[in-house]
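# Residue-level structure breakdown
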Amino acid sequence: MKIAVIGQSLFGQEVYKELRKDGHTIVGVFTIPDKDGKADPLATEAEKDGVTVFKFPRWRVKGQAIPEVVAQYKATGAELNVLPFCSQFIPMDVIDHPKHGSIIYHPSLLPRHRGASAINWTLIHGDKKGGFTVFWADDGLDTGPILLQRECDVEPNDTVNTIYKRFLFPEGVKGTVEAVRLIAEGKAPRITQPQEGATYECIQKKDNSKIDWNQSAEAIHNWIRGNDKVPGAWAEVDGQKVTFYGSSLVDNGTAANGQPLEIPGASRPGIVTKTGLVLFGNDGKALLVKNLQFDDGKMIAAAQYFSAGSSAAVELTEEEKTFAEQMRAVWQSILTNVSKIEDSTDFFKSGAASMDVVRLVEEVKLRANTCQLQNEDVYMNTTFQDFIQMCVRKLRGEDDEEELVVDYVEKSINNMTIKMPHQLFINGEFVDADGGKTYKTINPTDGAAICDVSLAQISDVDKAVAAAKEAFEEGEWGKMNPRDRGRLIYKLADLMEEHQEELATIESIDSGAVYTLALKTHVGMSIQTFRYFAGWCDKIQGSTIPINQARPNRNLTFTKKEPIGVCAIVIPWNYPLMMLAWKTAACLAAGNTVVLKPAQVTPLTALKFAELAARAGLPKGVVNILPGSGALVGQRLSDHPDVRKLGFTGSTEIGKHIMKSCAVSNVKKVSLELGGKSPLIIFSDCDMDKAVRMGMSSVFFNKGENCIAAGRLFVEENVHDQFVKKVVEEVKKMRIGDPLDRSTDHGPQNHKAHLDKLVEYCATGVKEGATLVCGGKQVQRPGFFFEPTVFIDVEDHMYIAKEESFGPVMILSKFKSGEVDDVLRRANATEFGLASGVFTRDISKALYVSEKLNAGTVFVNTYNKTDVASPFGGFKQSGFGKDLGQEALNEYLKTKAVTIEY
């Protein structure tokens, strides 16, 4: 269709772009005149495309259409007018002229909230549902027939800005374009607006947005958020007009600690606290306001009300002066109506608007990517001098947030400088262990010490558990909306991604993981795991259950999924960061707090994770990291009465001990991912090349330090020799070397004790009569390197057929052709049941074998294919409980049943 777009703003710009993508011809764009020499975004976009743009200051004079303006409009030949957002009055001559008339986007569910401040009043009235309407224009004020409506939930702490960004803008653009599509297809309805429920409210302006304190806290909160950011709800405080922004309801206002602030008309004084200004309604309930703005335009954090203006200006270095002049030029390019940017120039009083704030934030990022500004920072530092001071403080790490102090160990390695925390992380701080105890963590590539790491003591465990308990029971984490919790976890994942090369390098030097594998799997899957569970935060829910009624009364029974509380997590050394992620992400998503003990030999990525968690904004006490011995730290966590859940990955022997301790102490909930001896069955009808490739991966992936590694391969006898030959050929091609070398296939084993066990394991295999085809020895070079090893002729009674090597050792046994049930019997003849696999082209055989294999995971024609969405865990003495997938959440939740009689 030929369409005239009449309107303005970024919203109008996006509608215009999408209409063009849909194949419509935009015959003219009618928008507002340039302001201070700057064109509206809609005009800018259309002019770029060569579309004719009209910038009429007005369409009518004294209620009458201007003939010249109408004539220019009619000359475009539009078949439909689309008004995505329009602040001008358009004459009916224009509205009714096109073949299909005119449609208008309105940000409310008409007939409710007609008028220009619809979003404001949706919030002021505390509506639980919001949305938008696309309607056919008529001569009334938002009264035309409805073409399309879309609704959304209004969150308790939504502001005009949040609901607009989350729903009204993105879905509104889609809805407007969909409405045009319906018109083009001849399917657009015209539904008369009902009279019932129709409301019209006045335009919100500064003079009518004063706060009435004689109402409930919820009503005050709705008034503040409904006027945030424009025009701003205000009140008289200390003789001056103060505007309130960033309101949220709180349930602990009466216990707030801080300095009282008298507010005329309020039922009781406000309280300036560390988190903001607590205000009270006439019902005694409370709300929290984050920011305040004074008459001169200066905005401050409400928590700083009594200290505002007390901080001394910082003196700029030469480099910072250069940055300041660059920003002065940016201000000049935005404020084109100002002849010269002085230190006292006020951004908003000089004509800047909200879009200019977005641009300014982005300009700062371009010039100083370590200075991550939020829009709020601009609103709170409106003069050029204050703005530069704020930027410089952020660049120096001296902004108002409490600084995280990290005593880094720095190393230049892998073409970067890595910065590694090495102390315990308790209650949001890096601290030394009690008594200053430390130990050395070793680089398995050369056997040299990387650094000294704090060695946690029992008293440190008690401090960490106390911090985690307080954070859960008293802190903001336990009161946080699930969606806000998810946002923090998403932010944590983003920070991990920003530091992925550094994390992978630390993982390589601390665990011996090949760097490329560390980057993709150790770190890459960790990031995916946190993102996956961040998305689950606001989707954890119970159910309603029909029960027998207590006649003549009735009953309602429902369940709630609640966090457990303080959770202990004890992880192994083979995938230090990934094992942390697999358990911690689900634990945090469920709303718990955590005390985590990394393996003593691989603590460094866990401590780096702690730093990133703090920088992501996770409140103090939510995450605590304690490097130390299992006998001391792990045991105390198992015994501690305030720990309500323990998740463990490690050996079956230790798992049994932990389970016993957890039962004796306080019957903790436990999940265990323990040892394995995973069988892989290779039938003669397989894709041989793929079976060889995947068989190699099943054993040698991550140097064999892999809980689901194929501990025993059963190969059908008529292809056994062919399989062995191909495997040995591939093993000889494997490059053993420095894990940071991009061409390395096989790095060092994790630590010396493990290397010694592998040497002993292979010696036992030879002694018992298995045939050693290749490998079986330590590589003669510095570090803890072990040769990829292949054993054949392994009989079922042998030690190496029954026990896990946890290293790069392939154990091969034959089975007779056609004897499927017999090989299944042999494969299941183990106390372990973590994983298993089968290679065959016969789908019936594959399904039969996968059904009969007694393991938590069965791979068919693949191996090691884990995913964050798929549950992972074992059977029998490989443990119980699941990591990953939705089922993992249940490990960190408790179910409460509530029955109501009415």
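Residues numbered from 1 in each chain as written. Predicted model: local features only at pLDDT ≥ 70, side-chain atom pairs only at ≥ 80, totals over all residues. Heavy atoms only, no water.

We now examine the layout of surface pockets. The calculated volume of the second largest pocket comes to roughly 1300 Å³. Lining the second largest pocket are 44 residues; nearest its centre among them are Trp-573, Gly-650, Ser-651, Ile-654 and Lys-757. For the lining of the second largest pocket, the secondary structure elements donating two or more residues are helix H20 (630–639), strand E28 (645–649), helix H21 (652–666) and helix H24 (752–767). Among the elements that make up the lining of the second largest pocket, the one with the highest residue count is H24 (seven residues). Residues belonging to the lining of the second largest pocket are distributed by class as follows: 19 nonpolar, 18 polar and seven charged. (1 Å grid on protein atoms, 1.4 Å probe; cavity = no way out; pocket = protein on both sides within 12 Å on 5 of 7 lines; lining within 4 Å. Points joined across faces, edges and corners; volume = space filled by probe spheres on them. Helix = DSSP H or I, 4+ residues; strand = E, 2+ residues; numbered from the N terminus. Nonpolar A, V, L, I, M, F, W, Y, C, P; charged D, E, K, R; others polar.)

With 17 residues, helix H15 (residues 482–498) should cover 24 Å at 1.5 Å per step; its first-to-last C-alpha distance of 24 Å lies within 8% of that length. Buried residues of H15: Arg-485, Gly-486, Leu-488, Ile-489, Leu-492, Ala-493, Leu-495 and Met-496, and no others. On the buried face of H15, the contacting elements are helix H14 (476–479), helix H16 (500–511), helix H17 (515–534), helix H18 (576–589) and helix H19 (604–615). (Expected span 1.5 Å × (residues − 1). Buried < 20%, exposed > 50% of the residue type's maximum accessible area, 1.4 Å probe, protein only. Contact = heavy atoms within 4.5 Å.)

The element strand E30 (residues 678–682) is largely enclosed, with a buried count of five among its five residues. Neither face of E30 is open: one carries Ser-678, Leu-680 and Ile-682, the other Pro-679 and Ile-681, and all of them are buried. Read from E30 through helix H22 (residues 688–700) to strand E31 (residues 710–716), the crossover connection turns out right-handed. Looking at chain direction, E30 and strand E36 (residues 835–839) are connected through three bridges and run parallel. Directly across from Ile-681, in E36, lies its bridge partner Val-838. (Right-handed = clockwise from strand over helix to strand, strands pointing away. Pairing = 2+ DSSP bridges.)

This part takes up the sheet that holds strand E23 (residues 544–545). What the three strands build is an open sheet, ordered E23-E24-E40; its pairing is antiparallel. Of all the strands in the sheet, the pair left with one neighbour each is E23 and strand E40 (893–901).

For the rest of this paragraph, the subject is the packing of aromatic side chains. The geometry of two aromatic rings is summed up by the distance between their centres and the angle between their planes. What the rule picks out here adds up to 28 aromatic pairs. Taking 4.4 Å as the distance between ring centres and 35° as the angle between the ring planes, the aromatic pair formed by Phe-11 and Tyr-105 counts as tilted. On the criterion of sequence distance, the pair formed by Phe-11 in helix H1 (residues 9–21) and Tyr-105 in strand E7 (residues 102–106) is long-range, its members being 94 residues apart. Each member of the pair Phe-11 and Tyr-105 is classed as buried. Summarising the aromatic geometry, the rings of Trp-331 and Phe-387 are spaced 5.5 Å apart at their centres and angled 55° between planes, so their arrangement reads as tilted. Residue Trp-331 is found in helix H9 (residues 318–334), and its partner Phe-387 is found in helix H12 (residues 384–395); the two are separated by 56 residues along the sequence. (Phe/Tyr/Trp six-rings, centres within 6.5 Å; stacked < 30°, edge-to-face > 60°.)

Let's shift gears to empty space enclosed by the protein. Gaps left between atoms are located by rolling a probe of water-molecule size over the structure's atoms. Scanning the entire structure with this criterion turns up three cavities of 30 Å³ or more. By volume, the largest cavity is sized at about 80 Å³. Lys-677, Val-699, Gly-704, Ala-709, Ala-710, Gly-711, Glu-804, Ser-805, Phe-806, Gly-807, Val-809 and Ile-811 are the residues that line the largest cavity. The set of elements that each furnish at least two residues to the lining of the largest cavity consists of E31 and strand E34 (809–815). Here the lining of the largest cavity is built from residues that sort into six nonpolar, four polar and two charged.

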